[in-house]
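Each chain is listed here by its residues.
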Amino acid sequence: MEKDMSIYSNIRALVTYGLDTGLVEKEDEIFTVNRLLELFKLDEMEEGTGEEAPKADGAYLEKILGEMLDYAYEAGLMPENDITHRDLFDTKIMSMLMPRPGEVIRKFQELYEKSPEEATDYFYKLSQDSDYIRRYRIVKDQKWVAPTKYGDLDVTINLSKPEKDPKAIAAAKLAKQSGYPKCLLCMENVGYAGRVNHPARQNHRIIPVTIQDSRWGFQYSPYVYYNEHCIVFNGEHVPMKIEHGTFCKLFDFVKQFPHYFVGSNADLPIVGGSILSHDHFQGGNYEFAMAKAPVERTFTVKGYEEVEAGIVNWPMSVIRLSGDDTERIIALADHILEAWREYTDEEAFIYAYTDGEPHNTITPIARKRGSKYELDLVLRNNITTEEHPLGVYHPHAKLHHIKKENIGLIEVMGLAVLPARLKGEMEQLAEAILAGGDIRGDETLEKHADWVEEFLPKYEKIDAENVHDILRTEIGFVFMQVLEDAGVYKRTKEGQDAFMRFVERL
C-alpha cells in the first residue's frame, strides 16, 4: 500500500508543480489529475495524500519524476528501466501538463506584440518548466572561461546528454528504421511519442515564424549550450545550403528578434554541423568571444563603399561586414561568397576544388549591434590529405586527446563543447600529476602524456589547490589551437598576407 500512496502523493506534487509554473491553469487541475491517473492505470485518487510542495524547480521535478518512473517500472508500465525508456516515459508524464501547441503559439504572439523579449522569455521558461530542457541535467555540465590572446573563450564538458547503456544501443539498432519524423528538426516532432531510436517530444512546442515568405519553426535546443540557445529551422526537410537566400533569412530573423544573434553552420562535411540534411540556423541571447573580438584591419570593396568591412582578430579567418542597410551587406556577402567558392591559392594550400569536389564555403553569423547590422563571414575549407585525413583545417592529431569532433558554428564563435570522457580523465590526470604517476604508462591517460610534459614546466608549483585550475587553463589553450588549426589563414605574417591577397581580389 505504501508504494501506491507514494504515486498518489507524486501525482498531487506534479500537478502542484504545474500550477506553480503556469503549465497548468487552476481550471485544469482536476482534468490533469485524471489524465495522470489514466496514465498510471489508477481508478481513483486517494484522499489526504497531498503534501506541501517545495519550490517548483528542476531538482524538485527530477525527484518527483524519478519516483514516478520507479513506480511505472514496478507496475509493469515500462518494459525496461534504462535511461532510454525512462526518458520516453517521463516525457509522456510531462505531456499531461502541457498546453496544446495552438495555446502556446497564441500566447507567444500576444506577448510578441508587446515585445519580442517578453515572447522569448515566456517560451524559454515554458521549454524548461516542461522538462523539454532538462535543467537538472544541464547543471551537470562543467563550464568555465579560459583567458587567451583572442579574449575569453567558453569551455564546457558536455555531461547533460546521458550515456546510453549497451542494451539500449543494441535495441535501437534492432528497432525498425522509420522515416517519421525524417529527422530531429522536422515539424512532425511536436507531440511525437518517440521510440528507442528517436526521443519523445510530447512536451515539445514549436513557434511558427515566417522567414523570407516561407514557413520556418523556432524552438530551443534541449541541450542549451548557452543562454537561450535556439534553433530556427525550415518547415520543409531540405538540405543545408549557404547562398544568397541564407544571408537574407539570417537578417530577416534578426529583424524579428533583434536581441538574438543567429548563424548557420557551413554546408559541407567536416566543416559543417551534425545535421546537414535539414536547413537550419542556431541563435540565442548570448555574446560569444568572437562577437566581442575587434576588427584589426579594415578594407573597402569597390562598389560597396557604404559597407564597413574588416578582418577580425580571431584564430579563425573572419571577415566582418557592418552597416545600416542589410541589402547592401547581403550584396557584399554574396560577392565574397561567390569569390571564395572559386578561390584557389596554392601557396596558402587553399584549393577550391580537387577532382571536381568543392572545398570552400562560409559559416555566417548575423547580429544587430546598436543601430547597425553585422554579418561575420568565417571562411572554411574542408580539404583532406594523407597527413590530415580528417581535414587540413580541422583540429590536428596532436589535439585529438581533447577535441577531435568537427568545428561547427558554436565552436567557431568561441565555445568549446568537449566530450564527457574528459571529466573523469581530468580527475585522474590531476591525481597522477600530484602523485608523480606514470601518465604514459596508463592506458586511459597515455594520450594526454605529450600535452602534460609540454605544459608542466610553465608552472613553478602545482598542488592540490591549483592543479584543476591549471588543467582548465591548459584545456582553454588547446581549444585556442583547435580554432587556429581550423582557420584557413594562419595567424602568422605569411598567413595574414595570404588573407589580404584574397581580400584584394574582391
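Shown above is the structure to which this text applies.
Residues numbered from 1 in each chain as written. Predicted model: local features only at pLDDT ≥ 70, side-chain atom pairs only at ≥ 80, totals over all residues. Heavy atoms only, no water.

## Considering the sheet that holds strand S1 (residues 142-148)
Overall, mixed pairing links the three strands, which are arranged S1-S2-S15 in an open sheet. Looking along the sheet, the strands with just one partner apiece sit at the ends: S1 and strand S15 (415-418). Each strand axis lies, on average, 20 degrees off the axis of its neighbour in the sheet, ignoring direction. As defined by bridge partners, strand S2 (residues 151-157) adjoins S15 across four bridges and the pair is classed as parallel. (Pairing = 2+ DSSP bridges. Helix = DSSP H or I, 4+ residues; strand = E, 2+ residues; numbered from the N terminus. Axes fitted to C-alpha atoms, helices over the stretch in contact; angles between N-to-C directions.)

## Some points on the pairing of S2
Look at any regular strand and the pattern is simple: side chains alternate between the two faces of the sheet. In terms of residue burial, S2 counts as a mostly covered element, since five of its seven residues are buried. Note that S1 and S2 share seven bridges and pair antiparallel. Paired with lysine 143 across the strands is threonine 156, a residue of S2. The turn linking S1 back onto S2 is made up of two residues. (Buried < 20%, exposed > 50% of the residue type's maximum accessible area, 1.4 Å probe, protein only.)

## A look at the sheet that holds strand S3 (residues 207-211)
Two modes of strand pairing occur in sheets, parallel and antiparallel, and in both the strands are linked by backbone hydrogen bonds. Pairing within the open sheet is antiparallel, and its ten strands lie in the order S3-S4-S5-S7-S6-S13-S14-S10-S9-S8. Edge positions in the sheet fall to S3 and strand S8 (295-299), since each of these pairs with one other strand and no more. Within this sheet the neighbouring strands show an average axis-to-axis angle of 25 degrees, counted without direction. Here strand S13 (residues 360-369) runs beside strand S14 (residues 372-381); their pairing, made up of ten bridges, is antiparallel. Residue pairing for S14: asparagine 360 is matched across the bridge by asparagine 381. Sitting on the sheet, helix H11 (residues 326-341) is in contact with strand S10 (318-323), S13 and S14, with an inclination near 10 degrees to S14. (Contact = heavy atoms within 4.5 Å.)

## Here we look at the nonpolar core
With 99 residues, the main nonpolar core has Ile11, Leu14, Phe40, Ile93, Phe218, Leu321 and Tyr489 as its most contacted residues. If one sorts the elements of this core by residue count, helix H3 (residues 58-74) sits on top with eight residues. Ignoring sequence-local partners within four residues, the contact set of isoleucine 93 consists of Leu14, Leu36, Leu39, Phe40, Leu65, Met68 and Leu69. (Core = buried A, V, L, I, M, F, W, Y, C linked by side-chain atoms within 4.5 Å.)

## Topic: helix H9 (residues 244-256)
Between the first and last C-alpha of H9 there are 19 Å, a value that for 13 residues agrees with the 18 Å anticipated at 1.5 Å per step. With respect to burial, H9 is a largely interior element, eleven of its 13 residues being buried. (Expected span 1.5 Å × (residues − 1).)

## Structural notes on the pairing of strand S4 (residues 214-220)
Among the seven residues that make up S4, five are buried, leaving the element largely enclosed by the rest of the structure. Pairing analysis gives five bridges linking S3 to S4, with the strands arranged antiparallel. Directly across from proline 208, in S4, lies its bridge partner glycine 217. The hairpin turn running from S3 into S4, its antiparallel successor, is two residues long, and glutamine 212 in that turn takes a positive phi close to 50 degrees. For S4 and strand S5 (residues 230-234), the ladder comprises five bridges, and the chain directions are antiparallel. The residue bridging glutamine 219 from the neighbouring strand is isoleucine 231, located in S5.

## Some thoughts on the side chain of glutamine 128
Relative to the helices and strands, glutamine 128 resides in helix H6 (residues 116-129). Taking relative accessible area as the criterion, glutamine 128 reaches 17% and is therefore assigned buried.

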